[in-house]
Amino acid sequence: MDGEHSALSGVERERERLPPIYNSSPPAGFGRGAKQPFPSLGTFISTLSQRRDMAGRGLAGGIMGNLTGNPGLRHGRELPPICSDVRQKQRLSIDTLPPEVKAPFPSDPIIPLRTKTTKEFQEDMERALQSGDWREVRGFYLTTFDSFIEINAAFKREANGLFNTIEDSGVNTKFVNAVYDALLNTPQDIQKSVLKGIINSLLREWKGPRTKDDLRAYFILVQNPQYSSTSTYVIYAHLLRQIAALSEADHHFLVHWFKKLSARRFRQLVERLLQFISTRLFPAEPDELPPLSKCAWWIPSATKVLSLFNAANSVSSAPIMSFTDFYNITLEHIDFMEDYRTWQNYGNSNRFSFCQFPFILSTVVKKAIIQKDSEQQMISQARQSLVSKVSRRQRVDMNLLFLNIKVRRAQLLSDSLDELTRKRCDLKKKLRVTFVGEAGLDMGGLTKEWFLLLIRQIFHTDYGMFTYMKDSRCHWFSSWKCDNYSEFQLVGTLMGLAVYNSIALDIHFPLYCYRKLLTPPTVPCDQNALVGMANATLDDLQQIMPELAHGLGELLSYEGNVEEDFYLTFQVFQEEMGMVKSYNLKPGGDKIPVTKQNRKEYVQLYVDFLLNKSIYKQFAAFYHGFHSVCASDALMLLRPEEVEMLVCGSPELDMGALQKAAQYEGYSKTDATVRCFWDVVLAFPLELQKKLLHFATGSDRVPVGGMADLNFKIAKIDVPTDWLPISHTCFNQICLPPYRTRKELKQKLTIAISNAEGFGLE
């Protein structure tokens, strides 16, 4: 590798300064009406069935034929911006140049013909492994990786074919996989020759315009498995630097080629990039890599290339990997607040920060940023209050540091609304709840109970604010109209307080609701600006009203006479407060029939009406309530799924992880009672496990950070064994008498967790 290091020093001396490579996208009276907000939906479905029978033919079950022609209805994933803030270079047409500077562009070099097939290569490998004669294989690797032209000669399906489309890279993927799978099984001199060839290729191809054959070479080279070793990181870094410096148009091709890789190989490349970033941040040995001061561009280059894989994952028809697989957990150990401040101060300029690439930051980091950002705002407000008190020589009350909520259980909703309205300037302070007439200091348990009881009351179907959609098992906003939407603002405020105070709420909103919350992610300065108007598609409606979405999909694919068979107009009906009201989807909609030509527009307008316009005032109040607490630029870093996780926690319970993280007081983990406890709990069905978690912590959801963040404790209580277990939800603690048998413990524990209601002082 000494020769390689010196060669790469030459790379540095010869290389011009790269253009910017940074990603700029960071990556939002209690009388009630009818419980069902959309009574016309059933009518629509029945009408659809009737028209289908009248037509005398079956409707097409699929919707793809219609949806693919309408991007507004397609659940297509837009390509995430790669470097939207990087100024585009001015492009001049040759026709605009004066004659004296015109010159013909050089034609692409002719690629030599290589006829080696996958089968022939594999046979060469088998002979070499058996005989020990590697000359044929050595010659192949030495020639193939000597230049970009030779790489294309070996792996391009047709040597001089164009293959200039995003859908087809023109690469013989099977052959590439076979060559790379065999590479690590070859002698060291062959592996070193490949690396030296790559160095020469990168040096030779650095300058000049990029061709599609160059892109193919980069596409092939980045798949090399040798980059898993830190000894090759210098070469890997230079490859990543060149890929990161490509134009946005070239990145667009690579993104679509990457998404065609197999899921296993795609994951390997993502994990290799994540490992590269982690190792560069925290090398195992101090001298393992060059000094960070001399290669500060490594991490920005790797992160930029990783963003191409993230984009490929997003535009794939079905995600290749979960978005959480792009998280780099190592970043939880850096000064992410300094990174966040860099991003705030410099935005999407050429000053790199991980916040420019939010997909790489875990929900743990994003939550910490939001909380610390809000804390800084809270401290600033508290400091101003204290200074004001002192300057007026008034007594300083430490309650200034808290958001103190005092409520009566009998008037829980009205008292909570009054308190939060009256103390809206204190919403970013630490929450502390007191129930009037009850002794006790809120160490967390009272706050949890307040959230639990309030959410349960607000979402009760009899209250009418939200409707529970049985088919999709989620809540949605009722469309009744009134003069005051303060209760919806209260729900939004509660969600914001839950995020800020690390309380998981048992709320069941569809994912589209959280997308609306991020539209836009920060409150507009213009008070008249619309909020929550996220682009709504048929797939979004499917999350909430699957039966209606299916019916509209059939309307789109209907092959008969739409106008005569359905007899629909651009007018819809809703029942509100016992009265049926009509709404035009567009001006004069009651006189515009739905036809085969305009049915896509009808579906789009109908979906937008249901999910946006009909509930605009309700959701706007909800939006402003949430952002009154979580007013942070950090919300721009979040995906809708991450907002849901911050609000609700994770429903996925891992009792094994809880057992590993558990602490003990009076018991040890080897005591018979403790062993029986975990035997019983691990064997519980999911429903009882949730009840246990709720019994011990006040919530059946797992907070961001996992079970370890619960600080769950099992304590011994010296009482007769005919007592039931008790809990201290404020401390996430369960107290067990010294039960002697597994059967006895299971019986007592099941009774306790199945009948736990309300908060008691123990």
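Residues numbered from 1 in each chain as written. Predicted model: local features only at pLDDT ≥ 70, side-chain atom pairs only at ≥ 80, totals over all residues. Heavy atoms only, no water.

Draft legend 1. Up close: the overall build of the chain. Across its full length, the chain holds 29 helices and 10 strands. Working note: accessible area of the chain is about 36300 Å², and carbon and sulfur atoms make up 52% of it. (Helix = DSSP H or I, 4+ residues; strand = E, 2+ residues; numbered from the N terminus. Areas by Shrake-Rupley, 256 points an atom, 1.4 Å probe, with all protein chains shown as cover.)

Draft legend 2. How the structure looks around the nonpolar core. Membership of the largest hydrophobic core comes to 180 residues, with the highest contact counts inside it found for Tyr 141, Trp 450 and Tyr 602. The element best represented in this core is helix H13 (residues 298-315), accounting for 10 residues. By size, the runner-up hydrophobic cluster in this structure holds 29 residues, among which are Tyr 667, Val 681, Phe 695 and Leu 710. (Core = buried A, V, L, I, M, F, W, Y, C linked by side-chain atoms within 4.5 Å. Buried < 20%, exposed > 50% of the residue type's maximum accessible area, 1.4 Å probe, protein only.)

Draft legend 3. Representation of the state of the cysteines within the structure. Under the defined criterion, the tally for this structure stands at 0 disulfides. With no disulfide of its own, Cys 513 lies closest to Cys 648 among cysteine sulfurs, the gap being 9.3 Å. (Disulfide = S-S within 2.5 Å.)

Draft legend 4. Inspection of the side chain of Lys 748 at higher detail. Locating Lys 748 in the fold gives a position in helix H29 (residues 742-754). Among buried charged residues, Lys 748 stands out as having no salt bridge; its nearest opposite-charge side chain is Glu 744, 5.8 Å away. Sequence-distant contacts of Lys 748, that is, excluding residues within four places in its chain, are made with Thr 721, Asp 722, Trp 723, Leu 724, Pro 725 and Tyr 739. (Lys, Arg positive; Asp, Glu negative; His and termini not counted. Salt bridge = Lys/Arg side-chain N within 4 Å of Asp/Glu carboxyl O. Contact = heavy atoms within 4.5 Å.)

Draft legend 5. Fine view of the side chain of Thr 467. The residue Thr 467 is located in strand S3 (residues 466-469) in this model. Within the structure, the side chain of Thr 467 is placed 3.2 Å from the side chain of Ser 478, a separation counted as a polar contact. (Polar contact = N/O pair within 3.5 Å; in protein donor to acceptor, adjacent residues only side chain to side chain.)

Draft legend 6. Looking closely at the packing of helix H18 (residues 486-500) against helix H24 (residues 616-629). Axis separation between H18 and H24 bottoms out at 6 Å; the angle between their running directions is 30°. Of the possible angle classes, the one that applies to H18 and H24 is roughly parallel. Viewed along their axes, H18 and H24 form a crossing whose handedness is right-handed. Contacts from Phe 488, Gln 489, Val 491, Gly 492, Thr 493, Met 495, Gly 496, Leu 497, Val 499 and Tyr 500 of H18 reach H24 at Gln 618, Ala 621, Phe 622, Gly 625, Phe 626, Ser 628 and Val 629. Its residues assigned to classes, the contact of H18 with H24 comprises 10 nonpolar, 7 polar and no charged. (Axes fitted to C-alpha atoms, helices over the stretch in contact; angles between N-to-C directions. Parallel < 35°, antiparallel > 145°, perpendicular 65-115°, else oblique. Left-handed = near helix turned anticlockwise from the far one by under 90°. Nonpolar A, V, L, I, M, F, W, Y, C, P; charged D, E, K, R; others polar.)

Draft legend 7. Layout of the UniProt feature "active site" (unreviewed entry) in the chain. UniProt feature "active site" (unreviewed entry): in the numbering of this structure it lies at Cys 730. Mapped onto the elements of the fold, Cys 730 is located in the loop between strand S9 (726-728) and strand S10 (733-736). (UniProt positions renumbered as here; feature names shortened; annotations may be inferred.)

Draft legend 8. Structural context of the pattern of salt bridges. Applying the stated criterion across every chain yields a total of 27 salt bridges. If you follow the salt bridges from partner to partner, you end up with Lys 116, Asp 124, Arg 127 and Glu 136 in one network.

Draft legend 9. Quick look at the sheet that holds strand S8 (residues 713-716). Sheet architecture is open: 4 strands sit in the order S7-S8-S10-S9, paired in mixed fashion. Either end of the sheet is taken by a strand with one partner, and the two such strands are strand S7 (663-665) and S9. Going from strand to strand, the sheet's axes swing by 25° on average, the running direction of each strand aside. Both S9 and S10 contribute to a ladder of 3 bridges, which runs antiparallel. Looking across to S10, one finds that Ser 727 is bridged to Ile 734. The strands that helix H27 (residues 672-683) touches are S7, S8 and S10; relative to S10, the one it contacts most, it runs at about 120°. (Pairing = 2+ DSSP bridges.)

Draft legend 10. The arrangement of the packing of helix H4 (residues 118-131) against helix H5 (residues 135-144) in detail. Between H4 and H5, the shortest axis-to-axis distance is 8 Å and the interhelical angle comes to 135°. Considered as vectors, H4 and H5 are oriented oblique to each other. Contacts between H4 and H5 involve Phe 121, Asp 124, Met 125 and Ala 128 on the former and, on the latter, Glu 136, Val 137, Phe 140 and Tyr 141.

Draft legend 11. Structural context of the packing of aromatic side chains. Scanning all chains against the criterion turns up 50 aromatic pairs. On the basis of an interplanar angle of 40° and a centroid distance of 5.8 Å, the ring pair of Phe 352 and Phe 357 is categorised as tilted. For the ring pair Phe 509 and Phe 622, a centre distance of 5.6 Å and an interplane angle of 70° mean the geometry is edge-to-face. Linking Phe 509 in the loop between H18 and helix H19 (511-517) with Phe 622 in helix H24, this pair joins segments that are 113 residues apart in sequence. Given a relative accessible area of 0%, Phe 622 falls into the buried group. Taken together, Phe 459, Phe 466, Trp 476, Phe 477, Trp 480, Tyr 485, Phe 488, Phe 509, Tyr 512, Tyr 514, Phe 619 and Phe 622 form an aromatic cluster joined through their ring pairs. Sitting above the plane of the Trp 297 ring, Arg 241 keeps its charged end 4.2 Å from the centroid. Positioned above the aromatic ring of Phe 323 is the side chain of Arg 639, whose terminal nitrogen or guanidinium carbon lies 4.4 Å from the ring centre. (Phe/Tyr/Trp six-rings, centres within 6.5 Å; stacked < 30°, edge-to-face > 60°. Lys NZ or Arg CZ within 6 Å of the ring centre and 35° of its normal.)

Draft legend 12. Local environment of H18. The terminal C-alpha atoms of H18 lie 21 Å apart, and with 15 residues this matches the ideal 21 Å at 1.5 Å per residue to within 8%. Of all 15 residues that make up H18, 14 are buried, and the element is covered over most of its length. Directly beyond the C-terminal end of H18, a positive phi value near 55° is found at Ser 502. (Expected span 1.5 Å × (residues − 1).)

Draft legend 13. Local environment of the environment of His 252. Structurally, His 252 can be placed in helix H11 (residues 248-258). Since its relative accessible area comes to 29%, His 252 is described here as partly exposed. The sequence separation of His 252 and Ile 166 amounts to 86 residues, and the corresponding C-alpha distance is 7.7 Å.

Draft legend 14. Layout of the pairing of strand S1 (residues 402-407). Direction of pairing for S1 relative to strand S2 (residues 430-435): parallel, over a ladder of 6 bridges. Bridging from a neighbouring strand, Ile 405 pairs with Val 433 of S2. Following the chain from S1 across helix H16 (residues 412-422) to the adjacent parallel S2, one finds a crossover that is right-handed. (Right-handed = clockwise from strand over helix to strand, strands pointing away.)

Draft legend 15. Fine view of the pairing of S8. In the sheet, S7 pairs with S8 via 3 bridges, with the strands oriented parallel. Within the sheet, the bridge partner assigned to Tyr 664 lies in S8 and is Ile 714. Note: S8 against S10, 4 bridges, orientation parallel. If you follow Lys 716 over to S10, its bridge partner there is Leu 736.

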